[in-house]
Amino acid sequence: MPETSEHSAAAGHRFDTVLIANRGEIAVRIQRACRELGLKTVAICSEADREAPYGSTADSFLCIGPSSAAKSYLNQDAILLAARLVGAGAIHPGYGFLSENAAFADAVEKAGLIFIGPTASSIAIMGDKISAKRAMMAAGVPCVPGPDTALPDDPAAVERIALEIGYPVIIKAAGGGGGRGMRVVPKADLLHEAIALTREEARKAFGSPSLYMEKFLEHPRHIEIQVICDDHGNAAWLGHRDCSMQRRHQKVVEEAPAAGIAPDIIQPVGMACVQACLQIGYRGVGTFEFLYEDGAFYFIEMNTRLQVEHPVTELTSGVDIVQAQIRVAQGRVLDLTQGDVTCEGHSFECRINAEDPESFLPSAGVVTHLALPAGPGIRVDTHIHAGYKVSPYYDSLIAKLIVHAPTRAEAMARMREALAGIEVEGISTNIPFLRALFEDGAFARGETGIHYLEQWLKLRRAA
Ligand code: ADP
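None of the values given here were measured: they were computed from a predicted structure.

What follows concerns the domain arrangement of the protein. Per the domain assignment, the segments of the protein are domain 1 (5-117), domain 2 (145-215) and domain 3 (221-462). One C-alpha centre belongs to domain 1, the other to domain 3; they are set 23 Å apart. Contact with domain 1, which involves 39 residues of that partner, is made by 33 residues of domain 3. Of the roughly 3000 Å² buried between domain 1 and domain 3, counting both surfaces, carbon and sulfur atoms make up 57%. Inspection of the region where domain 1 meets domain 3 yields five salt bridges. Here Glu25 ties to Lys400 by a salt bridge, and the two come within 2.9 Å at their closest N and O atoms. The tally of links between domain 1 and domain 3 comes to 12 residue pairs in polar contact (both at pLDDT 80 or more).

Right under this line is the structure:
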């Protein structure tokens, strides 16, 4: 698209150097996007990551603290100081760490830098699940049945809410995250104890005792919608993903599009997400997460950042989501309209983790041999190489294996082939488990919900 005054960066948004406040594969991914946009990059690291390969490819590389994430990747002052030292104009938070920290987004902007993400107030609204639900209900996004207010203290009032929703219900912490701070209540006599336990947990883990209640859906799929918005009132959704393959609420395999969902069913949901973004003045990339059961969608939360699984949408939509995210942070007008978005083919992503394939315990150590698959429709996002030392301090994700093919069946075959070709030695990985999963009949038929993987693992252990 030609550079017109409308498409050039707005004054005040201009930056030519991006500090990437993250590590691992996403630091590599963001660095690539910056270089392709002609931007300089600053990599940061903790002491444990001094040898990180993306350090040598960045324009500047700074060690900002000790190995503990709390003292390095979560150390806001150290990151802001690093940005000032090297003259960075913007900070990309990646995912995890400070990516959904409203106070950090605010501190970045107050320091006169651009936070590559939404405004601090959008992050704060979506970070509280009750206010997120309220905003979504107001915008016409379908939500799980249950009030958009915190549970009252009065026991009789709480009982009435549960009866109105109908058992089973789920008690959730407003500030919860990472699959914690939730409790399912199958029947009335367990209600008060569940509330007391969850409230205590919420107070300790999230610093707020605020809880809410909603219907517990028994056999849903996890379907999510990717959005991108600019600062000029333009927003689009880039299709949908299925992330039902979860272990302990952690996604293991993701795909785009979600299998077997007719366009006329998903279309209004995607448009409702776009409307919600416009209504709350959302900027940047985001993901609306839904549970999908018996043909209906129920909003559960919005992630106000880039997702681990963004590549499956990149391969089906053809949109470079990280580049688009950076461009809108520069104040540029979104260079696509909803009509331009066409999703083609099918994509899968496997998260390759450094962990034991049976016990799932993390595995640290040196990668002694690495062979990565290649060929048409195969992409590997990783930061590791032969000789790389996987440290015990951080998330166990060492690579993402992503494939794209014209149909779901062909994409599955391509993933089987890619998984057969990947070799990682010296540490344990979940590759054997992923190979077995891609041979599973129910998964191949696209019939699996959020509980499937746990049940499949239980059966495998029993066999
Ligand atoms: P977190 O922020 O901790 O990830 P979410 O609200 O996204 O919490 O929920 C995480 C997971 O918990 C969902 O993917 C789903 O498996 C389960 N879950 C959450 N709400 C419900 C519900 N109302 N009914 C059934 N399962 C739910």
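There is more to say, and it comes next.
It is worth spelling out the pattern of salt bridges at this point. Overall, the coordinates contain 27 salt bridges when judged by the stated rule. Between Arg460 and Glu358 there is a salt bridge; the shortest N-O distance is 3.8 Å. With Arg460 in helix 15 (residues 452-462) and Glu358 in the loop between strand 14 (346-353) and strand 15 (365-366), this residue pair connects regions lying 102 residues apart in the sequence. With a relative accessible area of 33%, Arg460 lands in the partly exposed category. Between Asp381 and Arg379 there is a salt bridge, with its nearest N and O atoms 2.9 Å apart. Exposure remark for Asp381: the relative accessible area of 3% places this residue in the buried category.

This paragraph deals with the nonpolar core. Within the largest apolar cluster, 38 residues are counted, with the highest numbers of intra-cluster contacts made by Val253, Phe348, Cys350, Ile352, Leu401 and Phe438. In terms of nonpolar packing, the next biggest core, distinct from the first, is built from 35 residues, Val18, Ala324, Ala329 and Val341 among them.

On to the sheet that holds strand 8 (residues 211-215), then. The sheet built from three strands is open, its strands ordered 7-6-8 with antiparallel pairing. Every interior strand has two partners, whereas the edge strands, strand 7 (182-185) and strand 8, have only one. Ignoring which end each strand starts from, the neighbouring axes of this sheet average 25° apart. Where strand 6 (residues 169-173) and strand 8 come together, five bridges link them in antiparallel fashion.

Okay, helix 1 (residues 24-36) next. At 3.6 residues per turn, the α-helix brings residues three or four places apart onto the same side. Taking 1.5 Å as the rise per residue, helix 1 with 13 residues should run 18 Å; its terminal C-alpha atoms sit 19 Å apart, in good agreement. Of the positions making up helix 1, those classed as buried are Gly24, Glu25, Ile26, Ala27, Val28, Arg29, Ile30, Gln31, Ala33 and Cys34. After helix 1 finishes, the residue Gly38 shows a positive phi value of roughly 80°.

Okay, the environment of Asp59 next. Examined against the element boundaries, Asp59 turns out to sit in the loop between helix 2 (53-57) and strand 3 (60-65). For the pair formed by Asp59 and Gln31, sequence separation is 28 residues and the distance between their alpha carbons is 9.9 Å. One polar contact links the side chain of Asp59 to the main-chain amide nitrogen of Thr41, over a distance of 2.8 Å.

It is at 8 Å that the axes of helix 4 (residues 102-110) and helix 5 (residues 120-127) come closest, and there the two elements cross at 180°. With respect to helix 5, the axis of helix 4 lies roughly antiparallel. Of the residues in helix 5, those in contact with Ala102, Ala105 and Asp106 of helix 4 are Ala120, Ile123 and Ala124. Considering only residue class, the contact of helix 4 with helix 5 consists of five nonpolar, no polar and one charged.

Calculation criteria
Residues numbered from 1 in each chain as written. Predicted model: local features only at pLDDT ≥ 70, side-chain atom pairs only at ≥ 80, totals over all residues. Heavy atoms only, no water. Domains from an automatic or database assignment. Contact = heavy atoms within 4.5 Å. Buried area = accessible area lost by both parts, 1.4 Å probe. Salt bridge = Lys/Arg side-chain N within 4 Å of Asp/Glu carboxyl O. Polar contact = N/O pair within 3.5 Å; in protein donor to acceptor, adjacent residues only side chain to side chain. Helix = DSSP H or I, 4+ residues; strand = E, 2+ residues; numbered from the N terminus. Buried < 20%, exposed > 50% of the residue type's maximum accessible area, 1.4 Å probe, protein only. Core = buried A, V, L, I, M, F, W, Y, C linked by side-chain atoms within 4.5 Å. Pairing = 2+ DSSP bridges. Axes fitted to C-alpha atoms, helices over the stretch in contact; angles between N-to-C directions. Expected span 1.5 Å × (residues − 1). Parallel < 35°, antiparallel > 145°, perpendicular 65-115°, else oblique. Nonpolar A, V, L, I, M, F, W, Y, C, P; charged D, E, K, R; others polar.

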